[in-house]
Structure formats: structure tokens, C-alpha cells
Amino acid sequence: MKMTIKKAIISILLLCLAFITVAKATNVSHDGRAFTIDGQRRILISGSIHYPRSTAEMWPDLIRKSKEGGLNVIETYVFWNAHEPIRGQYDFSGNLDLVRFIKDIKKEGLYALLRIGPYVCAEWNYGGFPVWLHNIPNIEFRTMNKPYLDEMKRFTTLIVDMMKKEKLFASQGGPIISAQIENEYGNIMGQYGEAGKEYVNWCAQLASSYQIGVPWIMCQQSDAPQPMINTCNGYYCDKFTPNNKNSPKAWTENWTGWYKNWGGQDPHRTAEDVAYAVAKFYQSGGTLQNYYMYHGGTNFGRSAGGPYITTSYDYDAPLDEYGNLNQPKWGHLNQLHRILLASETALTYGNQTTTDFGNMVTGTSYEHMQHSVCFLGNGNESSDATVNFRNKTYTVPAWSVTILRNCSTEIYNTAKVNTQTTVMIKKEEPQELKWQWRNEPPQKKFKVATLTVSELLDQKVVTNDTSDYLWYFTSVNLNNKSDPLWGKDDVSIRVNTSSHLIHVFVNGLHVGAQFTENGHYKFQHESKIKLRPGKNEISLLSGTVGLPNYGAFFDNVKVGILGPVVLAANDTTGKEQIVDISKNQWTYKVGLQGQLDKLFSLPEAIKPWLLFGLPRDKPMVWYKTWFKTPSGTDPVVVDLKGLGKGEAWVNGNSLGRYWSSYISGKDGCSAPCDYRGPYKPNKCLINCGNPTQRWYHVPRSFLNGQGLNSLVLFEDKGGNPNGVRIGTVKPEKICANTYENHKLDLICNVGQVISEIKFASFGQPNGSCGSFQHGSCSSPQALSAINKLCTGKQECSFQVSEEVLGATGCGKDKHNRLALEAICK
Ligand code: GAL
């Protein structure tokens, strides 16, 4: 009994201790050099993970991989329209559970950077603003306007209070070390005149008034008022200088690749170039850098912004859309992070001395007592540099930075990638899918309240963005021969629309459809139609594929069928007669019938699905099938090749929009990808001339463990579901091209082993992953040595050296490399 009481007391004491440790406030501040945490200047390496772009079940793994990748901060925006889809009705459940996300960050011992906005851009629908906000009378976004300021303040306060209540700010013992108000307002501020300047001050005052106890930032805001820290966004920020001597040099968005549009190729930014930008930034005195994105993820549901942002938001980030390591980017940057973090004292307290060697070559040293680190940067795009630095000679390849430990030993060069490259495959499951189908009825059978007015309305005003679709119905009566359209069999309907797509039905018949190229919001559609005497029903279905998210006044871009809508036919003399029906009585119905009937979710809809006569290439059809959960833990995808455009759901969860029939541009992939020179999104493109996006992520948490899963598609354009396959994503092979005296780690996925070393050459090999060749000299023992070390194992690790891999016979002056290709199975 005595023991039990003693034990209980000890447990209580331990609990109290744990509580005190957990809740211990952290003092976050800054000076002109760096953010300080509990008085110490810090090197902060951050990565963006937007919580709604993955699932809550994925978060711990993503955060752990970020930590293993050498990050110490995770950044996210806050997505207002996801949290408050209807004014006053909030959703913080599932993957919108912001508190859980921040707590997951804390669990891994990382810090958080909370960019509240609430305007966020982010290729997110409407930049994160709810559409109901636009529908508040007299509102003007992002400027001095009471209705807007009141709403922005209300939502921002809600988020700040939520974080405070959960003690998530560092000042309360939580992980949040900084927060952001607005987003890149400086880029467009000029267009708002004086009111824009006032608005920036108002934002700063609002932020300061919250007293969150950690610094606030404003990105791309060169006039950010104190105490706001202005920060840089871009591919390179080494030349950036904050607007106040007391602000540290911080980079909130280092774009690790770029986003993708329907019809666009896949952007690719090399590991060498990202590393170069990062190293240059820290070389030039930067102390906080955030990768945008570290994990891009998926635009589930209708969250993709516009125009035409794809469902995949992979971004070529260090963690791919599914959460796999994007190698070599993840590994190459990881090595850099470790070195920067190990040099924290020198970088943040050291004396900075820069030597200009000419031809864009600079040397920078940071020295503080026994701590020192030096950088040799070569900004030249084509010529390598030979630099004499402190009595030693170094070769610095073009467009690269070398880091010298203790200012004397090269430990890293941004252009020398020593980590593994992983080639991923999508492996199809041998499952036969049986399809059922239903039509989306074009008739005017309303089950919901509708609206009738004699004008053409802005689609988002009517839908409040509850759907991508809005029906516009009207009718035309042909009563007698004096009607200019009477008896004509060459009538055209011409619709001027500001939407992304239109379907035209006349008397229930689908007579035409059009989808705009490149996401332009304006086009004219013309269809030939047949009218009959008496009443003719005209039904126009307008659709959008994401609302705009960037630019001054983007919120005011009108969408939908704005007219004029006319009917035209030639009279007997061949002269065109036009009947303008824009001012007819138009009845509106929001969304699709199948959407209202929730055809995509369980329980089964009342009306049966059809088993026979599966339509192909027919627009406006719902398809449904069932599939088994693939075994294992690899991420699951559905291959929607062969389909047109629409939306897909698994067990009622929206995977997002699909548009497999949209073929990406055919140009831009053939030029060799040279990491040298400034990156821009059309450099080093991949996936030309293929479906923009064929595979759609099905997070494992959407699936029933062992059971069957429903897959429902709404096909808007017309396609063939028979090609649909379920698959998993996994490494197929790994390659390395590693310099001598570096450690090489080779890793396949959990559940896989390195089944075969297809190629290994240690010496002076040529070629690249998939086409390696032996060079003039190589070690004859390398292959067998690696076989012994690695074959049959999930991962292996060894030093690339003559001791391990055998003598190369290449001579002392040669810098040897190991080229390797291995299979993961
Ligand atoms: C920035 C913006 C981000 C994102 C990025 C491009 O201008 O702040 O939210 O849109 O561009 O991916």
C-alpha cells in the first residue's frame, strides 16, 4: 500500500514535471542578424506543408520525413474558405484540423510558421477567400473597406484565439515561432492607390494588437511597418535586404519547382539549383529560409485555384505528392541542411568577410572564436572557377557553391549530387473493374430552390461556389410564321461566356459543348440547333475549373454565362437575323443532380445504377465501380487514363477534379536540362505530350482496410472508363553517381529489397541514370563488393572509396566516382 502511494506521488511529480517542460514558454525574438530563440541566434530551415493538401493520417509521416530531411520548422498557410464554407459555419475536422497539425509538428520537436493571410494565393481556389465574402454588399477585398476589414479581422481573430487557447504560440510553450499577416500585398499594392498603403498599416496594427509574443512577418512587402519583418519570395533571395536594420534576412518562399496547369508540362527544378540558391542565401547572411513547397500534395475536392490548376500539387517538392522522398532532391538538400545547422554559431555570430574574386566568384567567411565556415560561390553560368583561398586551390563548378568546413576542407558542393536518385513507378493491380452508370439528367426537374430573373448572372454570385456548375435555363417560343426563326433549319445559338466550359441542350438534346484552352475565362460558343414550333427549352450548363487566386482585384473577375446569348438564322435573302435572348427569363439551378443526390457517397442512392450499355465518349455521365484495397503500405493511385474530364470520389471522398484527356504541350522537354543559370518554370520540363495528369492520389485513409471501395466518376466531357486501373507508387530502381570519399546510403521502400545491382562502375564512369557506361578506368571488384553489401537488403550504406570498392587504377590526380543502378523489388 505504502509503495503504491509512493508510486502515485512519483507519477504525479513526473506528470507535473512533464507539464512544466511541455508548457515552458520559449522566448522568440530577433535582431538584424537572425531570429533568436531563448536568446540564441538560430539558423532556421523550414518547409511548407499545407495541411489540407494531405490527410491527417499522413501528417506524422510527412513531418517526420521533414525532420529527417534536416528541417527545424514547418510552415503552413491557413485556408479560410475551407474552414468557413458558409458564413459562421466552421469546419476544423479531418484534414482541416489545424490544431492537430500544429500539435503534430510539436510532437516531432519542430517549430511552426503560421501564415494566416487570410489571403493566401497558394494556387488555392479564390486565393483562400470564401466566395460568400464577395457576395457581401459593397465589399472590396484587400483594401480599406469596412465590410472587408471586419470580416478579415473576425477570421484572423478566430485563428489567433484558437492557437492561443491551445497554447500553441512559442510564448505559451507551443511550437509557433512566427506568424504572417496578408501575403505578397506589396506586389499589387500600387493598384489600390493610397488606400493600399493604409491597408498595410491596418494589417500591421491588427497583427500587433494580438500580442502573440512572437514576431510577425509580411512577405514581399518592402514598406512593411515595424515591427513587421518583411521577407522575400522567389527562386533566389541572396540579394534581398530587409527594410529595417533590426530585421533578419528571411526567405519565406523558395520555390522548389512550380505548380502545374491543365495542359501544362511537369515543372522540374534540379536539386543542384535549389541547393545553389539555398547555399547562396546563407552565404550572403540569410538565416531563415522556407521551401515552398517541401510537400506540395494534392488539391482534393474543388480546392484547386485558377485558372486551371491541376489536382496534383506535387510542385517537384522534396517530398512528392504521395509523401515519398523525391530523390536526389530530398537527400542532396538534407546534406546541405546538416552542414548549415552544424555551422549555426559561426553563421549567426561570426564575423562576415567577403572576398570578390571577379567573374561572379565570391568567398565568404564566418568566424566566431573556434567556429568557422566558409563559402566559395561561383555565379557564373558556364565557366568553372579555380580559386586560391587561404593558400589552397579549389575548383568551383559554374553555378555552384562550395562549403568549406573550418574554412579549409570542402565538405559540400551544390553541383555535386552524391545522394541516390530514385526512379518511381506506378504499379497496376491486377483487378478487373466492373462499371455501372447513370446519366446526369439535363431536364428541368428541380429538387432545390431555384431563382428566376430576366438577366444573366455571375456564376459565383449564384452558386456561392458550392459547385463548379450552374444551369441557366430559358425557353423560346416560336408561335407564328412572322417569327424570324420559324421553320429555319440552320439556327445557331451563340453564347458569350466567361466560364471554362459550356454544354448546350435544346429540348433535352445535347447539341454542343466547349472547353476553353489554357483556362481563359472568355470565349464564344456556337452550336447548330433545331427549334420546333411552340415552346423550346434551352438549357445551358456553365462550368468553372477553379476560381482565380492571384492579382489585384482578382476577386471581381466575373464568371459564368454573361452574354450576350443570341439565336441566329439567315433570312431568305441570306441576311442574318439575330434574336437576343440575354434578357429572357432565366431560371438558375446550382450544381448537378447527381451531386445533390450524393451519387458519390454511401449509402447507396435510391435510384439504381445501370449495369448494361455502358456509354463511352458521352458527356455528362456518372460511372461507378468497386475495387479492393491494394495490400501493403505503398501509396495508392487510380489511373484515369482514357477518361475525359470530371471529378472522382473514393468511398465518398473527393480525389479532386480530373482531366486526363487534356494533353500537355508537346514542346520544352527535349532540351537537355542544365542546372546552370537562373531557373524559370519552363526550364527542364518533363511529361510533354502526355495527359497532364493521369494518376490521382487515393490516400490510404480513404480506403476500407480489407473491404471493397467505391469509385465514382462524374464524366463531364466523355471518356471510356474501361482503361481505369488501381495502382501503387513505389521505387522501381535507384541510381547513384557519387564522388569518392562520400558515404552512400541506398534505400528502397519498406517491404522491398535491393534485388539486383544492374550496373556499378567505380572510376571515371560516363552517362546518367539509365544509361551509365564504364569509362577509361574502373575497379574490377566494385560490382561484387556492392552485391555483397547490398543485395537482398532494404537499405545499405558504405563509403565510396578504394578500400571498399577496390583500386580504380585511374591515377592519383583523378577524382573518382561510383555510378550505380540497382533494382528495388
Ligand atoms: C507566391 C504566393 C504563393 C504561391 C506561389 C506560387 O507568389 O505567395 O502563395 O502562389 O507564389 O506557387
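What this report covers is the structure whose coordinates are included nearby. Predicted, not measured: the structure shown is a model, and the values here were computed from it.

Here we look at the packing of helix α4 (residues 98-107) against helix α6 (residues 146-165)
With their axes 11 Å apart at the nearest point, α4 and α6 run at an angle of 45° to one another. Of the possible angle classes, the one that applies to α4 and α6 is oblique. Pair α4 / α6 crosses with right-handed handedness. Side by side, α4 and α6 meet where L98, V99 and I102 of the first sit next to I159, M162 and M163 of the second. Class assignment of the residues belonging to the contact of α4 with α6 gives a composition of 6 nonpolar, no polar and no charged.

Focus: α6
Helix length check: α6 (20 residues) gives 28 Å between terminal C-alpha atoms against 28 Å at 1.5 Å per residue, within 8%. All buried positions along α6 are accounted for by Y148, L149, E151, M152, F155, T156, I159, V160 and M163.

Observations concerning the state of the cysteines
For the coordinates displayed, the defined rule picks out 8 disulfides. Paired through a disulfide, C748 and C824 show a sulfur-sulfur distance of 2.1 Å. Given an S-S torsion of about -80°, the disulfide between C748 and C824 has left-handed geometry. Of this pair, C748 sits in the loop between β38 (743-747) and β39 (754-763) while C824 is found in strand β41 (residues 817-824), placing the two residues 76 residues apart along the sequence. Look at C824 and you get buried, because its relative accessible area is 5%. In this structure C121 is not part of a disulfide, and its nearest cysteine sulfur, from C219, lies 9.4 Å away. Looking at C121, the relative accessible area reads 9%, which means it is buried. Cysteine C203 remains unbridged, with the sulfur of C219 as its closest cysteine sulfur at 12 Å. Judged by relative accessible area, which is 0%, C203 ranks as buried.

Observations concerning the environment of F515
With respect to the secondary-structure elements, F515 resides in strand β25 (residues 509-515). A relative accessible area of 16% means that F515 is categorised as buried. Through-space distance from the C-alpha of F515 to that of H525 is 9.3 Å; in sequence the pair is 10 residues apart. Each residue touching F515, except ones within four places of it in the same chain, is listed here: Y308, H500, L501, H503, K645, W659, D716 and K717.

Side note on the sheet that holds strand β13 (residues 361-368)
Ordered in space as β12-β13-β14-β17-β18, the 5 strands form an open sheet in which the pairing is antiparallel. For this open sheet the edge positions go to β12 (351-358) and β18 (409-413), each flanked by a neighbour on one side alone. Between one strand axis and the next, the sheet turns through 20° on average, direction left out of account. Bridge count between strand β17 (residues 400-405) and β18: 4 bridges; the pairing is antiparallel. Looking across to β18, one finds that I403 is bridged to Y412. Across the face of the sheet, helix α9 (residues 329-342) comes into contact with β14 (371-378), β17 and β18 while running at roughly 140° to β18.

So, the site of the ligand
Surveying the vicinity of the ligand reveals 14 residues, the closest of which are Y77, A122, E123, E184 and Y315. Within the backbone of V120, one N or O atom sits 3.0 Å away from an oxygen atom of the ligand. Between the ligand and A122, the relevant distance is 2.8 Å, taken from an oxygen atom to a main-chain nitrogen or oxygen of the residue. For the ligand, the accessible surface in isolation is 310 Å², of which the surrounding protein chains cover 95%. For the shell around the ligand, the class distribution of residues is 10 nonpolar, 1 polar and 3 charged.

Brief notes about the nonpolar core
I102, M163 and W216 are the most contacted members of the largest nonpolar core, which has 127 residues in total. Broken down by element, the residue count for this core peaks at 8 residues, all from helix α8 (residues 271-283). Discounting chain neighbours no more than four positions away, the residues touching M163 are L98, V99, I102, L114, L168, F169, Q172 and I176. In terms of nonpolar packing, the next biggest core, distinct from the first, is built from 45 residues, L501, L614, V636 and I726 among them.

Looking at the packing of aromatic side chains
Considering all chains together, one arrives at 56 aromatic pairs under this definition. Aromatic pair Y51 and F79: ring centres 5.7 Å apart, planes at 75°, arrangement edge-to-face. With a gap of 28 residues between them, Y51 in the loop between β4 (44-49) and α2 (59-68) and F79 in the loop between β5 (73-77) and α3 (80-83) connect regions that are remote in the sequence. Just as Y51 is buried, F79 falls in that class too. Ring centres of Y291 and Y294 lie 5.9 Å apart, and the angle between their planes is 45°; this geometry places the pair in the tilted category. Looking at R438, its charged tip hangs above the ring of W609, at a distance of 5.8 Å from the centre.

Overview of unusual backbone geometry
A cis amide bond links Q226 to the next residue, P227, at an omega of 5°. Tracing the sequence through the fold places P227 in the loop between β8 (216-219) and β9 (229-234). Looking along the chain, the bond that leaves G563 and enters P564 is cis, with omega of -5°. Among the structural elements, P564 can be located in the loop between β27 (534-543) and β28 (565-570). Although it is not a glycine, N464 adopts a positive phi angle of roughly 55°.

Topic: the sheet that holds strand β33 (residues 646-650)
Read from one edge to the other, the open sheet built from 5 strands follows the order β20-β31-β36-β33-β34, with strand pairing classed as antiparallel. What marks the edges here is a single partner per strand, and that holds for β20 (436-439) and β34 (653-658). The average undirected angle you get between the axes of adjacent strands in this sheet is 20°. By the bridge criterion, 4 bridges tie β20 to strand β31 (residues 621-628) in an arrangement that is antiparallel. Looking at the pairing, N439 lines up with V621 of β31.

A closer look at the layout of surface pockets
Approximately 1400 Å³ is the volume found for the second largest pocket. Lining the second largest pocket are 47 residues, with F300, G301, R302, S303 and S654 sitting closest to its centre. Every element with two or more residues in the lining of the second largest pocket is listed here: α3, α5 (131-134), α12 (593-596), β33 and β34. By residue class, the composition of the lining of the second largest pocket is 20 nonpolar, 18 polar and 9 charged.

A word on the pattern of salt bridges
Under the defined criterion, the tally for this structure stands at 36 salt bridges. Among the salt bridges present, the one from E182 reaches R142, with a minimum N-O distance of 2.9 Å. Taken together, the residues span a long stretch of sequence, with E182 in the loop between β7 (176-181) and α7 (193-209) and R142 in the loop between α5 and α6 at a distance of 40 residues. For the residue pair E182 and R142, the accessibility class agrees, reading buried in each case. For the salt bridge of K197 with E194, the shortest nitrogen-to-oxygen distance reads 3.3 Å. You can see K197 and its partner E194 sitting in helix α7, 3 residues apart, about one turn around the helix.

What counts as what
Residues numbered from 1 in each chain as written. Predicted model: local features only at pLDDT ≥ 70, side-chain atom pairs only at ≥ 80, totals over all residues. Heavy atoms only, no water. Axes fitted to C-alpha atoms, helices over the stretch in contact; angles between N-to-C directions. Helix = DSSP H or I, 4+ residues; strand = E, 2+ residues; numbered from the N terminus. Parallel < 35°, antiparallel > 145°, perpendicular 65-115°, else oblique. Left-handed = near helix turned anticlockwise from the far one by under 90°. Contact = heavy atoms within 4.5 Å. Nonpolar A, V, L, I, M, F, W, Y, C, P; charged D, E, K, R; others polar. Expected span 1.5 Å × (residues − 1). Buried < 20%, exposed > 50% of the residue type's maximum accessible area, 1.4 Å probe, protein only. Disulfide = S-S within 2.5 Å. Pairing = 2+ DSSP bridges. Near = heavy atom within 4 Å. Polar contact = N/O pair within 3.5 Å; in protein donor to acceptor, adjacent residues only side chain to side chain. Areas by Shrake-Rupley, 256 points an atom, 1.4 Å probe, with all protein chains shown as cover. Core = buried A, V, L, I, M, F, W, Y, C linked by side-chain atoms within 4.5 Å. Phe/Tyr/Trp six-rings, centres within 6.5 Å; stacked < 30°, edge-to-face > 60°. Lys NZ or Arg CZ within 6 Å of the ring centre and 35° of its normal. 1 Å grid on protein atoms, 1.4 Å probe; cavity = no way out; pocket = protein on both sides within 12 Å on 5 of 7 lines; lining within 4 Å. Points joined across faces, edges and corners; volume = space filled by probe spheres on them. Salt bridge = Lys/Arg side-chain N within 4 Å of Asp/Glu carboxyl O.

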